[in-house]
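# Coordinates in review
What follows is each chain in one-letter form.
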Amino acid sequence: MSNENIFPKLEIPQTIAAGPGPGNTDARVLAAFSNAGLADHMHADVLRGMIECKKMLRDVWGTSNIHTFGVAGTGWSGLDMMFSGVQPGDKVVMFVNGTFSGIDALSARMKAATAEEMAQNSLNPEASSVITINVPHGQSVSGDIIEKALSEHKPKWAAMAHWETGSGRINDIEGFSAACEKYGVLGLVDAVSSLGVSNFRIDDYPGIHGWASCPQKGICCLPVTYAPVSFSDRFIETVLASGARSFVHHPVMEARHWGIVEGKDVEKGTYHRTHSAYAIAAFHEALRITLAQGLAARSAEYEYHENALRSAVEAMGCEVTSNMTSLVVLNLPKDLAGREMELVQHCRAQNFGIWPTLSEPVQVRIGILNLLTRESVTEIVDRFAQAIRDLGGNIDDAFVKEALNSSYNVAVAAE
Ligand SMILES: *Cc1c(COP(=O)(O)O)cnc(C)c1O
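Each chain carries its own residue numbering, running from 1 in the written order of its sequence. It should be noted that, the model being predicted, local features are given only for residues of pLDDT at least 70 and side-chain atom pairs only at 80 or more, the latter also being counted only at that level, while totals for whole chains, interfaces and linings use all residues. Working from all heavy atoms in the structure, the side-chain values ignore hydrogens and water.

### Structural notes on the packing of helix α12 (residues 340-349) against helix α13 (residues 374-390)
Note the following rule: Fitting a line to C-alpha atoms yields each axis, with helices limited to the stretch in contact; the angle taken between N-to-C directions then spans 0 to 180 degrees. By the criteria applied, helices consist of DSSP H or I runs no shorter than four residues and strands consist of E runs no shorter than two, each listed in order from the N terminus. Any angle from 65 to 115 degrees is called roughly perpendicular, while one under 35 is roughly parallel, one over 145 is roughly antiparallel, and all others are oblique. Each crossing is labelled by how the near helix is turned from the far one, with a counterclockwise turn of less than a right angle marking it left-handed and a clockwise turn marking it right-handed. Residues count as neighbours in contact if any of their non-hydrogen atoms are within 4.5 Å of one another. Residues are sorted three ways: Asp, Glu, Lys and Arg are charged, Ala, Val, Leu, Ile, Met, Phe, Trp, Tyr, Cys and Pro are nonpolar, and all the rest, Gly among them, are polar.
As a packed pair, α12 and α13 sit with axes 10 Å apart at the nearest point and diverge in direction by 120 degrees. By the angle between their directions, the pair α12 and α13 is classed as oblique. Relative to α13, α12 is oriented so that their crossing is right-handed. Two secondary-structure elements touch here, α12 through L343, H346 and C347 and α13 through F384, A387, I388 and D390. Looking at the contact of α12 with α13 residue by residue, the class counts come to 5 nonpolar, 1 polar and 1 charged.

### Details of the site of the ligand
This is how the line gets drawn: Nearness is judged by heavy atoms alone; a residue qualifies as near a molecule or strand once a single heavy atom is within 4 Å of it. Under the rule applied, a polar contact is a pair of N or O atoms within 3.5 Å (in protein, one hydrogen donor and one hydrogen acceptor; residues adjacent in sequence only if both atoms are side-chain atoms). For accessible areas, the Shrake-Rupley method is used with a probe of radius 1.4 Å. Any residue's cover is judged against the shown protein chains and nothing else.
Around the ligand sit T74, G75, W76, L79, F100, W163, T165, D190, V192, S193, Q216 and K217, and those are all the residues in its vicinity. Between T74 and the ligand, the recorded distance is 2.7 Å, taken from a side-chain N or O atom to an oxygen atom. Taking T165, its side chain carries an N or O atom lying 2.3 Å from an oxygen atom of the ligand. Within the complex, the protein chains bury 90% of what would otherwise be the 380 Å² of accessible surface of the ligand. If you tally residues by element for the shell around the ligand, the top one is helix α3 (residues 75-83), at 3 residues. Partitioned by chemical class, the residues of the shell around the ligand number 5 nonpolar, 5 polar and 2 charged.

### Quick word on the packing of aromatic side chains
The criterion, for reference: The aromatic pairing rule takes the rings of Phe, Tyr and Trp, using the six-membered ring of Trp, and pairs them if the centres are within 6.5 Å, calling planes under 30 degrees apart stacked, those over 60 edge-to-face and the rest tilted. Exposure is judged per residue with a 1.4 Å probe applied to protein chains only, and the accessible area is read against the type maximum: over 50% gives exposed, under 20% gives buried, and values in between give partly exposed. Whether a charge sits over a ring comes down to the Lys NZ or Arg CZ being within 6 Å of the ring centre and within 35 degrees of the ring normal.
Per the stated rule, a full pass over the model turns up 13 aromatic pairs. Aromatic pair Y226 and W258: ring centres 5.0 Å apart, planes at 85 degrees, arrangement edge-to-face. Of this pair, Y226 sits in strand β9 (residues 226-231) while W258 is found in the loop between α9 (251-257) and β10 (260-261), placing the two residues 32 residues apart along the sequence. For Y226, a relative accessible area of 2% gives the class buried. On the basis of relative accessibility, which here comes to 0%, the residue W258 falls in the buried class. Ring geometry for Y304 against Y408: centres 5.3 Å apart, planes inclined by 75 degrees, an arrangement best described as edge-to-face. Of this pair, Y304 sits in helix α11 (residues 295-315) while Y408 is found in helix α14 (residues 397-414), placing the two residues 104 residues apart along the sequence. The exposure class assigned to Y304 is partly exposed, which follows from its relative accessible area of 23%. Overall, Y408 belongs to the buried group, its relative accessible area being 0%. Three or more aromatic residues joined by ring pairs make a cluster, and in this case those are W61, F200, Y205 and W211. If you follow K217 out to its NZ or CZ, it ends over the ring of F100, 5.0 Å from the centre.

### Describing the sheet that holds strand β12 (residues 319-320)
Counted only if it meets this: Paired strands are those between which DSSP finds at least two bridges.
Ordered in space as β12-β13-β15-β14, the 4 strands form an open sheet in which the pairing is antiparallel. Both edges of this open sheet fall to β12 and β14 (355-356), since each of them pairs with a single strand only.

### What to know about the domain arrangement of the chain
The criterion, for reference: Domain delimitation in this document rests on an assignment produced automatically or drawn from a domain database. Accessible area that two parts lose when put together, with a 1.4 Å probe and added across both, is what the buried area reports. Salt bridges are identified by distance alone: a Lys or Arg side-chain nitrogen within 4 Å of an Asp or Glu carboxyl oxygen.
The domains assigned to the chain are domain 1 (27-291) and domain 2 (295-414). Listed by partner, the interface residues are 25 residues for domain 1 and 22 residues for domain 2. Of the roughly 1900 Å² buried between domain 1 and domain 2, counting both surfaces, carbon and sulfur atoms make up 55%. Viewed at the interface, domain 2 and domain 1 are joined by 0 salt bridges. Where the side of domain 1 that touches domain 2 is concerned, the elements lending two or more residues are α4 (99-112), β5 (163-164), β6 (169-170) and α10 (277-293).

### So, the side chain of S299
Here S299 shows up in helix α11. Judged by its relative accessible area of 11%, S299 is buried. Excluding residues that lie within four positions of it along the chain, S299 makes contacts with V197, S198 and N199.

### Some remarks on the pattern of salt bridges
On inspection of all chains with the given rule, the structure shows 16 salt bridges. Here R28 makes a salt bridge to E285, at a shortest N to O gap of 2.8 Å. Taken together, the residues R28 in helix α1 (residues 27-35) and E285 in helix α10 connect sequence positions 257 residues apart. Taking relative accessible area as the criterion, R28 reaches 41% and is therefore assigned partly exposed. Residue class for E285 comes out buried when judged on its relative accessible area of 13%.

### Overview of the state of the cysteines
Applied cut-off: Disulfides are defined as pairs of cysteine sulfur atoms found within 2.5 Å of each other.
Within the structure shown, the criterion is met by 0 disulfides. Note on C214: no disulfide assigned, nearest cysteine sulfur contributed by C220 at a separation of 9.7 Å. The thiol of C220 is unpaired, and the distance to the nearest cysteine sulfur, on C221, comes to 8.6 Å.

What follows is the structure in structure tokens.
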């Protein structure tokens, strides 16, 4: 008998993942994933792998925070754990300057809403204890904005994105940390886009007590693995005192499987949930790659290639409004203004995976996650130029080539 719900084998094409994420997973990570043996989550080598991951992650992130480990899932899984300390009625200040910090604010409202507030609008609750400071799309959250809001509201918690991937803007975590320290606020940072790309150390920001990132961007470990998180002792004490309404995303309980028990490293993790040997092997390899390259070298590579891509798209007449180094966010040349979504769809239909912004105004986002070679950037530039021509735009080829080459040659000459 035939069953019409048995579909043909799923084939997913190879694309150029030139968006804000997911990034291109390293071949070594995929090999580690598929070559791991089948071993249960309490096998000695799996538990050892988790302990090694935890130690490598502390190095990658520059922290002595004991509670540094991975949360199974995606970026939002780690962020959910980070916000799990927020209790109904807690006063929170949220800094929002784009799509992702906007969702972070929704998460905070869902945690801080009282039962009555939740029942009013359960999918998008208003929470009177959450104050949202909106910074327009395309602008960064500055130290002045943060200082002013925290001095006025003196909340228990404050949160923002480090790198707001929606608009490609870097926010001031130094100013954030300083203001949180000054006013005794527990600072929380969405570091989903910055970890593994930007050269920063958690321990340089003592006002920030919770950090959450993801597997799929700078860590280049897409086969859904682990969202890195790190919490200070004060964060953990706060959670132990007032609780977290989650078993699976509980910062203290999940840490146990990574060999962190009662605030100390122990030799062997204890069961929290069934971890995958494949995922652990992949995460382990991704962290080894990151440490071997070194964050300073990797972040310099991003700067170098982002600069080349930026020069080339500017030579096409585009206006770049971002300052992150893993992607450029741009407006098309004047004669194509307003056709950003059409251009992105045109590119995506050809498996050239660039992205629009998800909040207004619609802009184009082109990313270079793990595409750090002159060949890759040149291919992106060529394909983007072709898409502009396909829409009827004019491009001075020689001028674009010269911008790209001189960006690369100047950099090479300076070495
Ligand atoms: C990508 C991203 C997220 C969401 O991560 P997922 O892996 O899709 O869950 C959250 N915050 C920021 C800043 C991001 O860039």
